[in-house]
Amino acid sequence: MKATNSLQMSLFQLDWRPEDLSDLRSIGKQNFQQSMAKEAGTLFMAMGSEPDQLERTYVIEIYADDAAYQAHAQSEHFKAFASFAADHLQGRQMEPLVPQILLEKPEALQLLETNAYNLRLARLTLAPDKLDLFKARVTKEMLAALETEAGVRSLFAGQLAGQKDQWLFIELYQDDAAYESHRQRPHFTTYIEETKDLVIAKDLLSLKLDLLVSKGKLTYLS
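First things first, this report covers the structure right here in the doc.

What counts and what doesn't
- Every residue gets a number counted from 1 within its own chain, in the order that chain's sequence is written.
- Thresholds applied to this predicted model are a pLDDT of at least 70 for local features of residues and 80 or more for the giving and counting of side-chain atom pairs; totals over whole chains, interfaces and linings are not thresholded and use all residues.
- Here the side-chain values reflect all heavy atoms present in the structure, with hydrogen atoms and water set aside.
- Helix numbers and strand numbers start at the N terminus; a helix is a DSSP run of H or I with at least 4 residues, a strand a run of E with at least 2.
- In protein, a polar contact means a hydrogen-donor-capable atom and an acceptor-capable atom, both N or O and within 3.5 Å, with residues adjacent in sequence counting only if both atoms are side-chain atoms; elsewhere, any N or O pair within 3.5 Å suffices.
- Salt bridges, as used here, are contacts in which a Lys or Arg side-chain nitrogen is within 4 Å of a carboxyl oxygen on Asp or Glu.
- Accessibility here uses a 1.4 Å probe with only protein chains present; expressed as a share of the type maximum, an area under 20% marks a residue as buried, one over 50% as exposed, and anything in between as partly exposed.
- Here, axes are lines fitted to C-alpha atoms. For helices the fit covers the stretch in contact, and angles between N-to-C directions go from 0 to 180 degrees.
- For classification purposes, angles smaller than 35 degrees are called roughly parallel, those larger than 145 roughly antiparallel, those between 65 and 115 roughly perpendicular, and all remaining angles oblique.
- In this analysis, two residues are considered to be in contact whenever any of their non-hydrogen atoms come within 4.5 Å of each other.
- Classification used: nonpolar for Ala, Val, Leu, Ile, Met, Phe, Trp, Tyr, Cys and Pro, charged for Asp, Glu, Lys and Arg, polar for all others including Gly.

1. Details of the environment of lysine 196
No. 1: Residue placement: lysine 196 occurs in the loop between helix 6 (186-195) and strand 9 (199-214).
No. 2: Distance from lysine 196 to phenylalanine 134, taken between C-alpha atoms, is 9.8 Å for residues 62 residues apart in sequence.
No. 3: A polar contact of 2.8 Å, which involves the side chain of lysine 196, links it to the side chain of glutamate 193.

Put into structure tokens, the structure is as follows:
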């Protein structure tokens, strides 16, 4: 689907007790399933955890607009999740993102069991006076990757709200082999070379994908 600039996009970091993870997965699965089935404006939801710190989870959510987010927040399935979180959550950080580039394969996805998908987060600090140049180059690379690589499922980029030089990338690959293949492609190696002086700092995080639902076809270029 073609998206508009009213999109709502957020990243949450949620910390739990290890003994609550099984219940978290169960109630999270119900929330994700119901959200995708009942909410037209809920476009993408994913939950992943750090492989060596499973009690730290990250949730990425994308909604068509604020009304879609509000509809989700008022749903009974989300209220059940929120009630669980109120009793068990140990820590919470939320980062609103301003969508910049959102690209996704056409097929809907529903990954609710153990799977081989590779979910990655990348935080980049960019040279403030080179933002337009970086955006042009990374857009070209992302479009080429989605068009030519079967194992690239979705590539999302957003700015941290109020911090135009802070970019967050959310990337989903079919498996580890697809990610490694992506890194060897000419469009990626060219992008790395062309932006080496535009990126001040980079932090990469590979996550164990716990849950993911998506309607597919999400396309947005700001």
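2. Regarding the pattern of salt bridges
No. 1: Per the stated rule, a full pass over the model turns up ten salt bridges.
No. 2: Among the salt bridges present, the one from aspartate 20 reaches arginine 17, with a minimum N-O distance of 2.8 Å.
No. 3: Two residues, glutamate 113 and lysine 29, come together in a salt bridge whose shortest N-O distance is 2.5 Å. Remark: lysine 29 occurs in helix 1 (residues 21-38) and glutamate 113 occurs in the loop between strand 5 (109-111) and strand 6 (118-126); sequence separation between them is 84 residues.
No. 4: Glutamate 113 sits in the partly exposed class, given a relative accessible area of 47%.
No. 5: Assessed through its relative accessible area of 24%, lysine 29 is described here as partly exposed.

3. Re the packing of helix 5 (residues 176-184) against helix 6
No. 1: Taken N-terminus to C-terminus, the directions of helix 5 and helix 6 make an angle of 60°; their axes are 5 Å apart at the nearest point. Between helix 5 and helix 6, the angle falls in the class oblique. Judged by residue contacts, His182, Arg183 and Gln184 of helix 5 engage Pro186, His187, Phe188 and Thr189 from helix 6.
No. 2: The residue inventory of the contact of helix 5 with helix 6, partitioned by class, reads two nonpolar, four polar and one charged.

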